[in-house]
Amino acid sequence: MATKILVVEDEEKIARFIELELEYEGYQVEKVADGRQGLDMALSGGFDLVLLDIMLPGLNGVEILRRIRKGSDVPVIMLTARDAVMDKVSGLDMGADDYITKPFAIEELLARIRLCLRKRAAGAAEPEETGNALTCGALVLHPERHEVAYDGTPVELTSREFALLQTLLENKNIVLGRDTLLERVWGYDYMGETNVVDVYIRYLRSKIDDKFDVKLIKTVRGVGYVVREE
Ligand code: CA
């Protein structure tokens, strides 16, 4: 049975573009432009995932999400505008599974959708997860214990390096752009140099890749970085 995705987006061009791309990938798509209608459809229970814009006529996306979460745990990915800082924060606080900033590359949206659906499927299969360790090959990161080890050898990281590595591992196999990393690790209001990401990637490589003679942190030219097993 095809995976059903609801697209709540009032910008017809964007909605149509997403619909075409998702259908091409084999998803079954329904789109709706009005917030109230979107909420009703999301609550109807027939969807495996909801893509939810924030600025909508009728009812805004954050309010829709709040109401969805009262009665449903359907995965929700928020579509946010670049300057809508508060929206992203309140969206995640309110139980969005992920968000993507417009304009986005369709490949990133597809990757986030796959990740979201996979997490949900894994969660359903084994509700009691054994720890929240993130791994890539012999690299293990424990978010709660704030520990990193490679093949059992502890790796000492600063808190920023740790946050960067955690973000990369949470998105294993997904290429993250510098802007995305900057937002997620340094925050929306970071005003410093954008090459700070490259600098910290170098720090991480010297402490992990170089030290253990592996290539886990890869550069994707013109796009960004990804953590991938060799
Ligand atoms: Ca909109």
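Everything in this summary refers to the structure shown in the same document. Keep in mind that what you see is a predicted model, and the values were worked out from it rather than measured. (Residues numbered from 1 in each chain as written. Predicted model: local features only at pLDDT ≥ 70, side-chain atom pairs only at ≥ 80, totals over all residues. Heavy atoms only, no water.)

1. Observations concerning the nonpolar core
Nonpolar side chains tend to gather and get buried jointly when the protein is soluble and globular.
Moving on, step 1. Ranked by internal contacts, the top residues of the largest apolar core, which has 33 residues, are Leu-164, Leu-165 and Leu-168.
Moving on, step 2. Not counting residues up to four positions away in its chain, the partners in contact with Leu-168 are Leu-176, Leu-181, Ile-201, Leu-204, Tyr-225 and Val-227.
Moving on, step 3. Listed in part, the 20 residues of the second largest apolar core include Phe-47, Val-50, Leu-56 and Ile-64. (Core = buried A, V, L, I, M, F, W, Y, C linked by side-chain atoms within 4.5 Å. Buried < 20%, exposed > 50% of the residue type's maximum accessible area, 1.4 Å probe, protein only. Contact = heavy atoms within 4.5 Å.)

2. Considering the sheet that holds strand 4 (residues 76–81)
Moving on, step 1. Spatially, the 5 strands line up as an open sheet ordered 2-1-3-4-5, and their pairing is parallel. Unpaired on one side and paired on the other, strand 2 (28–32) and strand 5 (98–102) mark the two borders of the sheet. Ignoring strand direction, the axes of neighbouring strands in this sheet form an average angle of 20°.
Moving on, step 2. In this structure, strand 1 (residues 4–8) lies alongside strand 3 (residues 49–53), joined through 4 bridges in parallel fashion. When the sheet's bridge partners are listed, Ile-5 is paired in strand 3 with Leu-49.
Moving on, step 3. The sheet contacts of helix 1 (residues 12–24) involve strand 1, strand 2, strand 3, strand 4 and strand 5, and relative to strand 2 the element is tilted by about 170°.
Moving on, step 4. Taken strand by strand, helix 3 (residues 61–71) contacts strand 3 and strand 4, and its axis lies near 165° from that of strand 4. (Pairing = 2+ DSSP bridges. Helix = DSSP H or I, 4+ residues; strand = E, 2+ residues; numbered from the N terminus. Axes fitted to C-alpha atoms, helices over the stretch in contact; angles between N-to-C directions.)

3. Here we look at the packing of helix 7 (residues 178–186) against helix 8 (residues 196–207)
Angle between the axes and distance between the axes are the two parameters that describe a pair of packed helices.
Moving on, step 1. The geometry of helix 7 relative to helix 8 is characterised by a closest axis approach of 9 Å and an angle of 80° between their N-to-C directions. Considered as vectors, helix 7 and helix 8 are oriented roughly perpendicular to each other. Side by side, helix 7 and helix 8 meet where Arg-178, Leu-181, Leu-182 and Trp-186 of the first sit next to Val-196, Val-197, Asp-198 and Tyr-200 of the second.
Moving on, step 2. Taken together, the residues of the contact of helix 7 with helix 8 sort by class into 6 nonpolar, no polar and 2 charged. (Parallel < 35°, antiparallel > 145°, perpendicular 65-115°, else oblique. Nonpolar A, V, L, I, M, F, W, Y, C, P; charged D, E, K, R; others polar.)

4. A look at the sheet that holds strand 10 (residues 176–177)
Moving on, step 1. Strand order in this open sheet of 3 strands is 10-12-11, and the pairing throughout is antiparallel. The open sheet has two edge strands, strand 10 and strand 11 (217–220), and neither has a second partner.
Moving on, step 2. Two strands pair when backbone bridges link them, and strand 10 and strand 12 (residues 224–227) are joined in this way by 2 bridges, in the antiparallel orientation. Within the sheet, the bridge partner assigned to Gly-177 lies in strand 12 and is Gly-224.
Moving on, step 3. Contacts from helix 8 reach strand 11 and strand 12 within the one sheet, and its direction differs from that of strand 11 by about 145°.

5. Brief notes about the layout of surface pockets
Moving on, step 1. Volume-wise, the second largest pocket comes out at about 490 Å³.
Moving on, step 2. What lines the second largest pocket is a set of 25 residues, among which Glu-108, Val-175, Leu-176, Gly-177 and Thr-180 lie closest to the centre.
Moving on, step 3. Counting only elements with at least two residues in the lining of the second largest pocket, the list comes to strand 5, helix 5 (106–125), strand 10 and helix 7.
Moving on, step 4. Classifying every residue of the lining of the second largest pocket gives 11 nonpolar, 4 polar and 10 charged. (1 Å grid on protein atoms, 1.4 Å probe; cavity = no way out; pocket = protein on both sides within 12 Å on 5 of 7 lines; lining within 4 Å. Points joined across faces, edges and corners; volume = space filled by probe spheres on them.)

6. Brief notes about the coordination of the calcium ion
Moving on, step 1. Surrounding the calcium ion are the protein donor atoms Asp-10 (OD), Asp-53 (OD) and Met-55 (O), at 2.1 to 2.3 Å.
Moving on, step 2. For the calcium ion, the single-chain donor residues occur in sequence as D-x42-D-x1-M.
Moving on, step 3. Note on Asp-53: relative accessible area 3%, which makes it buried.
Moving on, step 4. Judged by its relative accessible area of 62%, Met-55 is exposed. (Donors = N, O, S within 2.8 Å, 3.2 Å for Na, K, Ca; no water.)

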